[in-house]
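In case you want the letters, here they are:
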Amino acid sequence: MKNINKNRLFIASCLALITTAMTFAIRARLETVFGPEGIGLTLEQIGYAFAPAFFGFTIAMIIGGPLVDLLGIKKITWMAFLTHAVGIVLTLLADSMTSLFIATLFIGIGNGFVEAALNPMVASMYPEQKTKMLNRFHVWFPGGIVIGAILGWLIMDVLGLSWQVMVGALFIPLVIYGVLFFGQKIPVTERVQLGISNQKMFSSVLKPLFLFMVACMFLTAASELGTTQRIESLLKESVAKPLLVLAFINGIMALGRLFAGQVVHKLSPSGMLLYSAIFTFIGLWLLTVTSGGMTFFAAAVFAVGVTFFWPTMLGFVAEYLPETGALGLSIMGGAGMFSVSIVLPVMGNLMDNASAAEALRTMSILPAILIVAFLGLHMYMKKRQKTFEV
């Protein structure tokens, strides 16, 4: 890692993830701007307009994964910067479902390239502390959502400024991460360092354990992001300022990920995932029956549940299936975001035709399935560890 400024690159990576996360919080606030009380889109139409944030992310992750090894982390990072910039400008100009869809697609692709390039870079820079450093890097996903949610509340609700000012605030972290990455030497991926062939990488992503983790990623990501992305509509009947609940949830998540090292030390990654699924299920169920101040208690339980989902899923693959390389991490992230693109319109339809509580009850089925899946994974990993020890 000679001549590589790890600290500067890690800070730049965190700011790129803050930009990504802020788009999630700001998009959640835009639901009321473009929805029935604003421009006039139905909640289902909003779901379709927001869906490319997730399948665009998926496309960028799946394409970006192999390209990270082929073109290098630096080129994919600058592709992220460019598509982020285009997406922000197009969002500022959006005035219909179609224009919002296209803007969201560019934002989603930019977000996907950030994850495709920077997850492998963090894993490569800290080979002995992958799960810990990936959790620390992913502090800034909930951290960025807190920043975006509070900014959205301040700009629109407190200062009474336009939604365009809120969206324009995304240029601040964008420009800073561009400046920090500029002119820096960036390491090659761990797979390239280890000399693992393309053939072995592609065959590794067909292993049963990896495919099982991909299937679980569908459910973990939908449980977390499907819920938080539609927080405005889900909680508007039970709490006055749903965006502040979003900030509260993500504040807890950021703190949890900051201290992930101690949790990893006490629990194995599979143990962390099992506990996460249990708390997520309880939290979602509680959100269907609480209102007012108790909503924050339910949100706290939910937050404890989803805190370690995303980074620990990635950390598990990086740790136990390193031969899958950047492609493996990209498939995981892509699967997670694709699942959210499917669940958003479904949730919108439930809220249009039934109720927010019904949508939350339906979402609670996902972590219920995960409790069973991660219990099996935890038992399998303990058995595998004993076999290695013998």
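The rules behind the values
Residues numbered from 1 in each chain as written. Predicted model: local features only at pLDDT ≥ 70, side-chain atom pairs only at ≥ 80, totals over all residues. Heavy atoms only, no water. Helix = DSSP H or I, 4+ residues; strand = E, 2+ residues; numbered from the N terminus. Areas by Shrake-Rupley, 256 points an atom, 1.4 Å probe, with all protein chains shown as cover. Lys, Arg positive; Asp, Glu negative; His and termini not counted. Charge placed at Lys NZ, Arg CZ, Asp CG, Glu CD. Domains from an automatic or database assignment. Contact = heavy atoms within 4.5 Å. Buried area = accessible area lost by both parts, 1.4 Å probe. Phe/Tyr/Trp six-rings, centres within 6.5 Å; stacked < 30°, edge-to-face > 60°. Buried < 20%, exposed > 50% of the residue type's maximum accessible area, 1.4 Å probe, protein only. Lys NZ or Arg CZ within 6 Å of the ring centre and 35° of its normal. Patch = residues over 30% accessible without salt bridge, like charges linked within 9 Å, V, L, I, M, F, W, Y side chains within 5 Å. Salt bridge = Lys/Arg side-chain N within 4 Å of Asp/Glu carboxyl O. pLDDT = per-residue confidence, 0-100. Core = buried A, V, L, I, M, F, W, Y, C linked by side-chain atoms within 4.5 Å.

Caption draft 1: Layout of the overall build of the chain. When you go through the chain residue by residue, the secondary structure sums to 21 helices and zero strands. For the chain, the exposed area adds up to about 15200 Å²; of that, 69% sits on carbon and sulfur atoms. One way to put it: in the chain the 24 positive side-chain charges average out to a point 13 Å from where the 17 negative ones average out.

Caption draft 2: Structural context of the domain arrangement of the chain. Looking at the assigned domains, one finds that the chain contains domain 1 (1-196) and domain 2 (201-389). Listed as interface residues are 52 residues of domain 1 and, on the opposing side, 51 residues of domain 2. Between domain 1 and domain 2, the buried area comes to about 4300 Å², and carbon and sulfur atoms account for 70% of it. In terms of surface lost to domain 2, no three residues of domain 1 exceed Phe54, Thr131 and Asn135, which account for 15% of the buried area on that side.

Caption draft 3: Structural detail: the environment of Leu377. Topologically, Leu377 is positioned in helix α21 (residues 365-389). If sequence neighbours within four positions are ignored, Leu377 has contacts with Leu209, Phe212, Met213, Ser270, Leu273 and Phe316.

Caption draft 4: Just the packing of aromatic side chains, in detail. Inspection of every chain in the model, using the stated rule, returns 13 aromatic pairs. Considering the side-chain rings of Trp78 and Phe81, the 5.5 Å spacing of their centres and the 75° angle between planes classify their relative orientation as edge-to-face. Within this pair, Trp78 and its partner Phe81 are both found in helix α4 (residues 73-93), separated by three residues, close to a single helical turn. On the basis of an interplanar angle of 70° and a centroid distance of 5.3 Å, the ring pair of Phe248 and Phe296 is categorised as edge-to-face. Here the residue Phe248 occupies a position in helix α14 (residues 242-258), and Phe296 occupies one in helix α17 (residues 294-306), the gap between them amounting to 48 residues. Phe248 gets classed as partly exposed once you look at its relative accessible area, which sits at 31%. Linked through ring pairs, Trp78, Phe81, Tyr177 and Phe181 together constitute an aromatic cluster. The aromatic ring of Phe24 is capped on one face by Arg27, whose charged end is 4.8 Å from the ring centroid.

Caption draft 5: Spatial organisation of a nonpolar patch on the surface. A cluster of nonpolar side chains, contributed by Ile150, Leu154, Val158, Leu159, Leu161 and Val165, occupies part of the molecular surface with about 480 Å² of accessible area. Among the elements that make up the nonpolar patch, the one with the highest residue count is helix α7 (residues 140-158) (three residues). Inspection of the secondary structure assignment puts Val165 in helix α8 (residues 163-168). Relative accessible area serves as the criterion here: at 39%, Val165 is assigned to the partly exposed category.

Caption draft 6: Layout of the environment of His138. Positionally, His138 belongs in the loop between α6 (130-137) and α7. Under the relative-accessibility criterion, His138 is labelled buried at 1%. As for His138 and Leu15, which are separated by 123 residues in sequence, their C-alpha atoms are 11 Å apart. Every residue in contact with His138, bar those within four places of it in the chain, is listed here: Leu17, Glu115, Asn119, Arg257, Trp310, Pro311 and Leu314.

Caption draft 7: Spotlight on the pattern of salt bridges. With the rule as written, the count across this model stands at three salt bridges. Arg29 is the salt-bridge partner of Asp157, the closest N and O atoms lying 2.9 Å from each other. In this pair, Asp157 sits in helix α7 while Arg29 sits in helix α1 (residues 6-34), placing the two residues 128 residues apart along the sequence. Overall, Asp157 belongs to the partly exposed group, its relative accessible area being 32%. According to the relative accessible area criterion, Arg29 is buried, its value standing at 11%.

Caption draft 8: Looking closely at the confidence of the model for the chain. Here the chain averages 86 in pLDDT, and 95% of its residues register 70 or above. Ranking the elements of the chain by mean pLDDT puts helix α15 (residues 260-266) last with 66 and helix α9 (residues 171-181) first with 95.

Caption draft 9: Broad picture of the nonpolar core. Counting residues in each nonpolar core, the largest one holds 128 residues, and the members touching the most others are Leu30, Phe34, Met332 and Phe374. Of all the elements, α1 adds the most residues to this core, at 17 residues. If you count residues domain by domain, this core takes at least three from each of domain 1 (1-196) and domain 2 (201-389).

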